[in-house]
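Geometric and topological summary
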Amino acid sequence: MKLRNILLSVMSASLLIFSGCTKKQNPNEKILNLISVTEIKGYDPIQADDLYSGREISKIYEGLLQYHWLKMPYELVPNLAAEMPTISKDGITYTFKLRQGVKFQDDIAFPGGKGREMEASDFVYSIKRMADSRNQSTGWWTLDGKLKGLNEWRDKNSKLAVSNYDEEVEGLKAIDKYTLQFKLAKTFPQFIYTLAMPFAYAVPKEVVAKYGKEFINHPVGTGPYVLPIFDQGKKITYTKNPTFREKFYPSDASPELKHLLGDAGKRLPLVDKVVVYVMKESQPAWLKLNKGEVDYYSVPKDNFASAVKDNKLSDELTAKGFILEIAPQLDVTYTAFNFENKLFHNKKLRQAMYMAYDEGKANTLFYNNTAFPAQSIIPPGIAGINPNYKNPFKGPKLEEAKKLLAEAGYPGGIGLPELKYDIPDSTTSRQMGEYFQKQMEQIGVKIKILSSPWPEFQAKVKKKSVEIYGLAWGADYPDAENFLQLFYGPNKSPGANGSNYDEPGFNKEFEVATQMQDSPERTAKYEKMNKFLAEEVVALFGVHRQAYIMEQGWLRNYHPTDLHHDAVQYLNIDTAKKAELIKKF
Amino acid sequence: MNLYAYIFRRLLYVIPVLLGVCLIIFVLFNLVAPDPAYTLLGKHATLKQIAELHHELGMDKPYFMQYLDTVKTAFTFDFGYSWSSKQNIWEMIKTGAGPSLAITGPLFVFSNIIAISLALLVAFYRGKLIDKFVLILSIAGMSIPSLAVVLFGQYFFAYKLGWFEISGYEFGFPNFIPYVILPIILYIVISFGADTRFYRTVILDEAYQDYVRTARSKGLSELKVMFKHVLKNSMIPILTNIIIQIPSLILGLLFAESFFSIPGLGAMTINAINNSDFPVIKAMTIMSAVGFILFGVLTDVLYTVVDPRMKLN
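Residues numbered from 1 in each chain as written. Chains lettered and ligands numbered in written order. Predicted model: local features only at pLDDT ≥ 70, side-chain atom pairs only at ≥ 80, totals over all residues.

The next subject is the overall build of chain B. Within chain B one finds 16 helices and 0 strands. When its C-alpha atoms are laid out on the principal axes, chain B stretches across 85 × 60 × 35 Å. Contacts spanning at least 24 positions in sequence make up 72% of the contacts within chain B whose residues lie at least 6 apart. (Helix = DSSP H or I, 4+ residues; strand = E, 2+ residues; numbered from the N terminus. Contact = placed C-beta atoms within 7 Å.)

Here you go:
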């Protein structure tokens, strides 16, 4: 009896203690709760080479241009620039007028701790920082060879003890306090997109000087949110920037996004606080979403079958107010050949392999049948792909594949050496590798799978020591050039052309097209080049993936996107709806 | 031998051990691991950029000079900056040590207390129902994969019952407490089987010694026999097992930290390995090596306290 009483007391006390171990949400607070699926490396814009770092940095820093939040296809609009740039007729000189009265966030690095006004010289400084080889910026490729005199400045300063930021660069000038001028080394219409990337955001030199190497943890920009210090934790809390300029929610939208105009004209940002949880594992993140503790998250592969059916959420999730957002991503998955290996110069071999591969089944197995089969390298949604184009070599066409393989000189695979297929070391990659192996086996092509940890896999590709390998490419900006350059000869490894494909005719076409301004002629050229690569089967084009995002019923204005790093400022919380829905969790 | 002289002599061993550790990590990094430049510079790297980065990181120096740099780092503890996150490594260690210890500290204390207590209990009742029950529980605990325990715990206790936070961490006392209770409990469950079995074997080995029979035949109570004689004489292997765990405490729990989003040193080390972040890997390896040496010395000293018959030499 006594023992039972003791046990009951212990259990009751435990329940009381445990019930106090969780934090309750206040639905009336305008707080966004988000998830970052990778570690945040820090807050230096010139190192923002991944989507997730870019998203965090964009809460604090801003650039000259941004993508319109409610326009699809993506459309550039001014951000810190007062208007779109004036471009000279020869496409060489870009002149920007800057917005006046934009203040950097308050910080002790400024006199009196008050943030000063952002000027054209801040962009000159920030872009030189990116070019400074000592800073090892991962964004240098966006400027490499693009601005007159900048490469020379980089080379010269890399030999000096200290880089001279006062030395003028012909292609990068602050004409006056509010006028910034870029002069390109040669025409490159995509240059304008790079100015919307986080690499090109404005940083104040006083702050860089004050914190030195610790600048990475002390972000001070002009953006909508403030983070006093980055403590490398897994919970990052941003608060509204009290000195943020007057910026308003857009009042115009593409037809498919018109339903997001509810907050049109309201001053940004719309929520007071943003909390970002760094969660690399999908299971706890999914549980957190289902508990109402985060506002949106991608439906994990392992939970897909129970959560989504026929592109709709399950009844249970719908009852809790969840909404499913489906959006195509600007990406492509592909199996690349290393063209340094003469074996792959045999076009019929490549075509036979493509015809043997059943992408539809792979889509079901690995993407829950949510992806679009890729016919070529350019994803839908970008000018340069004919939506009706069907690649004649896309499988499964086993008999034709066998015939082509025989024509290639390897009937039934006889005489063809075993091909090495490199994959990154992960369960899904291994499964994909094994699937590829089985598919090729059908026509007698033998595949040996080699898996390596991601850094080693990357190094093997860059060192050209692979034969075949699987990869995905996501758009850096919405221009076909960003995909076609994957097969441009001068971009060979260690550049982005990991296939080391180098065809003089294609290279010439590429050089011409990338110097053309956006026009129907350029689109036609892109389409021609895309078709050429597709039918040459320079790679086995896999799928264009779609994002399946589950969002809370109380979240407003959200739509999945690849390039809007600064989306958070537009998101809103319907507190009344949250108070009502949270009762169901 | 004088205690201080012994400690001094043992500490001198740090020098050859660190030189060896430096050599191993240097060889592994330079000859086995991939070139970090490809990871650090991203997908658009050029040959020129790679060469510039090699120069900036000192990777273009002769191997001997690079080895000397590693040795210098080991002896000065000046770990520099992370190649991947550009953070000061000492700051990273200081920041990560707290969250790691917030889990491993209580886990260390509670798991050992529970395991030793249970081991004493089952040794006391050897062959009885309770012994068999704990033995079965221990085997079950060892057989169930830790991932299954973590997934179940997170789903059932945190999500379904809502007793704990699912994951995350907040710096500062007492903010972190709600986040660490569940991982601590789950890891006690995961580790208790192996620990209890180990301690049970140690205690049973001792419980069948002649002097224990003598003590019993002299009429001493079982409690006195177990605690005063058996436990005391089992302390050498128990102490070794406990102290050897201490350096690992600061290194954190590699898997748990990632799964519970704890910003500790375990998660930091995993990240460093994934990103070929040599300075961080080097720092953590050197810290572990030094930790193991220091706690090895402490174990030896404690042996003489627990068992005065033992001599330091």
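The structure having been displayed, the exposition proceeds.
The next subject is the overall build of chain A. The helix and strand tally for chain A stands at 18 helices and 24 strands. Rg of the C-alpha trace for chain A: 26 Å, near the compact-globule value of 25 Å for 585 residues, within the 12% margin. Out of the 585 residues belonging to chain A, those deemed buried represent 46%. Partitioning the intrachain contacts of chain A with sequence separation of at least 6 by distance along the chain shows that 68% fall at a separation of at least 24. (Rg over C-alpha atoms; globule rule 2.2 N^0.38 Å. Buried ≥ 20, exposed ≤ 12 C-beta atoms within 10 Å, placed from the backbone.)

With 45 residues of chain A at the contact, the number on the chain B side is 50 residues. Secondary-structure elements contributing two or more residues to the side of chain A that touches chain B are α1 (2-19), β10 (273-278), α7 (282-290) and α14 (454-462) of chain A. Top element by residues in the side of chain A that touches chain B is α14 of chain A. It accounts for 6 residues. Residues belonging to the side of chain A that touches chain B are distributed by class as follows: 15 nonpolar, 13 polar and 17 charged. (Nonpolar A, V, L, I, M, F, W, Y, C, P; charged D, E, K, R; others polar.)

In this section: helix α4 (residues 150-158) of chain A. Along an α-helix, residues three or four apart share an orientation, since each turn contains 3.6 residues. All names here are of chain A. Every buried residue belonging to α4 is among Leu-150, Trp-153 and Arg-154, and all of these are buried. End-on, the buried residues of α4 take up no more than an arc of 100 degrees, which puts them together on one face. Where α4 is buried, its residues meet α3 (120-131) and β6 (172-176). (Arc of directions from axis to C-beta.)

Next up on the list: the sheet that holds strand β8 (residues 225-226) of chain A. Strand order in the open sheet formed by 4 strands is β1-β10-β9-β8 (chain A), and the pairing between neighbours is mixed. Pairing within the sheet leaves two strands with one partner each, and these edge strands are β1 (31-36) and β8 of chain A. (Pairing = 2+ DSSP bridges.)

Residues and elements named next belong to chain A. When cut into domains, chain A gives domain 1 (40-226), domain 2 (279-328 + 547-584) and domain 3 (331-544). Averaged C-alpha coordinates put domain 2 and domain 3 at centres separated by 33 Å. Taken together, the contact pairs 6 residues of domain 2 with 9 residues of domain 3. Here the side of domain 2 that touches domain 3 is composed, by residue class, of 4 nonpolar, no polar and 2 charged. (Domains from an automatic or database assignment.)

With that settled, consider the environment of Gln-87 of chain B. In this structure, Gln-87 of chain B sits in the loop between α5 (63-76) and α6 (89-124). Among the residues examined, Gln-87 of chain B registers 21 C-beta atoms within 10 Å and is labelled buried. Linking Gln-87 of chain B and Val-280 of chain B, residues 193 residues apart in sequence, is a C-alpha distance of 9.9 Å. Gln-87 of chain B has contacts with Gly-42, Ile-216 and Gln-232 of chain A together with Tyr-81, Ser-82 and Met-92 of chain B, leaving out every residue within four places of it along the chain.

Residues and elements named next belong to chain A. If you trace the 3 strands from one edge of the open sheet to the other, you get β11-β22-β14, paired in antiparallel fashion. Only two strands of the sheet have a single neighbouring strand rather than two, namely β11 (296-298) and β14 (323-328). Each strand of the sheet is rotated relative to its neighbour by a mean of 25 degrees, with strand direction disregarded. Across 6 bridges, the pairing between β14 and strand β22 (residues 546-551) is antiparallel. Residue pairing in the sheet places Glu-325 in a bridge with Ile-549 of β22. (Axes fitted to C-alpha atoms, helices over the stretch in contact; angles between N-to-C directions.)

Turning next to the pairing of strand β15 (residues 331-337) of chain A. All names here are of chain A. The buried fraction of β15 amounts to 6 of the 7 residues, a majority that puts the element mostly inside the structure. Two elements, β15 and strand β19 (residues 468-474), share 7 bridges in a ladder whose sense is antiparallel. When the sheet's bridge partners are listed, Val-332 is paired in β19 with Trp-473. Bridging between β15 and strand β20 (residues 539-541) involves 3 bridges; their strand directions are antiparallel. In the sheet register, Tyr-334 faces β20, and the bridge partner there is Phe-541.

Let us now look at the environment of Asn-369 of chain A. Residue and element names in this part refer to chain A. Positionally, Asn-369 belongs in the loop between α11 (359-367) and β16 (372-373). Residues Asn-369 and Arg-545 lie 176 residues apart in sequence; the distance between their C-alpha atoms is 9.7 Å. Look past the residues within four positions of Asn-369 in its chain and what remains in contact with it is Asn-363 and Thr-364.

All names here are of chain B. Closest axis-to-axis distance for the helix α7 (residues 129-143)/helix α9 (residues 177-207) pair is 7 Å, and the angle between their directions is 125 degrees. As judged from the angle between their axes, α7 and α9 are oblique. Taken as a pair, α7 and α9 cross one another with a handedness that is left-handed. Here Val-134, Ser-138, Ile-139, Gly-141 and Met-142 of α7 come into contact with α9, specifically with Val-189, Ile-190, Phe-192, Gly-193, Ala-194, Thr-196 and Arg-197. For the contact of α7 with α9, the residue count by class is 7 nonpolar, 4 polar and 1 charged. (Parallel < 35°, antiparallel > 145°, perpendicular 65-115°, else oblique. Left-handed = near helix turned anticlockwise from the far one by under 90°.)

Right, let's get into the confidence of the model for chain B. Residue and element names in this part refer to chain B. Confidence in the prediction of chain B, expressed as mean pLDDT, is 87, and 99% of residues score 70 or more. Here helix α13 (residues 246-251) is the element of chain B with the lowest mean pLDDT, 78, and helix α8 (residues 146-160) is the one with the highest, 92. For this predicted complex, the interface score ipTM comes out at 0.82, alongside a pTM of 0.87. (pLDDT = per-residue confidence, 0-100.)

Attention now moves to the nonpolar core. Grouped together as the largest cluster of nonpolar side chains are 198 residues, with contacts concentrated most on Ala-352, Met-353 and Leu-484 of chain A. For this core, the element with the highest residue contribution is α9 of chain B, accounting for 8 residues. Apart from the residues within four sequence positions on either side, Ala-352 of chain A is in contact with Ala-401, Leu-404, Leu-405, Ala-408 and Ile-443 of chain A. Core analysis: the next-biggest nonpolar cluster, separate from the first, contains 16 residues, Val-202, Ile-203, Ala-207 and Met-226 of chain B among them. (Core = buried A, V, L, I, M, F, W, Y, C linked by C-beta atoms within 7 Å.)

Looking now at the packing of α7 of chain A against α8 of chain B. To describe two helices that pack against each other, one gives the angle between their axes and the distance between the axes. Relative orientation of the contacting elements α7 of chain A and α8 of chain B amounts to 15 degrees, with a least axis distance of 11 Å. Classified by the angle their axes make, α7 of chain A and α8 of chain B are roughly parallel. Between α7 of chain A and α8 of chain B the crossing geometry is right-handed. Contacts from Gln-283, Pro-284 and Leu-287 of chain A in α7 of chain A reach Leu-151, Gln-154, Tyr-155 and Tyr-159 of chain B in α8 of chain B. The residue inventory of the contact of α7 of chain A with α8 of chain B, partitioned by class, reads 5 nonpolar, 2 polar and no charged.

With that settled, consider unusual backbone geometry. Residues and elements named next belong to chain A. Note the cis peptide between Leu-268 and Pro-269, where omega equals -5 degrees. Relative to the helices and strands, Pro-269 is located in the loop between β9 (235-240) and β10. Going from Gly-395 to Pro-396, the amide bond is cis rather than trans, its omega being 5 degrees. Positive phi is not limited to glycine here, since Lys-464 has a value of about 60 degrees. Secondary-structure assignment places Lys-464 in the loop between α14 and β19. Residue Asn-557 is not a glycine yet carries a positive backbone phi of 75 degrees. Looking at where Asn-557 falls in the secondary structure, it is placed in the loop between β23 (555-556) and β24 (572-573). On the basis of neighbour count, Asn-557 is assigned to the buried category, with 21 C-beta atoms found within 10 Å.

Moving on to the pairing of β6 of chain A. All names here are of chain A. In this sheet, strand β7 (residues 179-183) lies alongside β6 in antiparallel orientation, the contact comprising 4 bridges. Considered in β7, the bridge of Ala-174 is made with Leu-180. Count of turn residues in the β6/β7 antiparallel hairpin: 2 residues.

This brings us to the environment of Asp-425 of chain A. All names here are of chain A. Position of Asp-425 relative to the elements: it lies in the loop between β17 (419-424) and α13 (427-441). Sequence-wise, Asp-425 and Pro-242 are 183 residues apart; in three dimensions their C-alpha atoms are separated by 46 Å. Apart from residues lying up to four places away in sequence, Asp-425 is in contact with Ser-451, Ser-452, Pro-453 and Trp-454.

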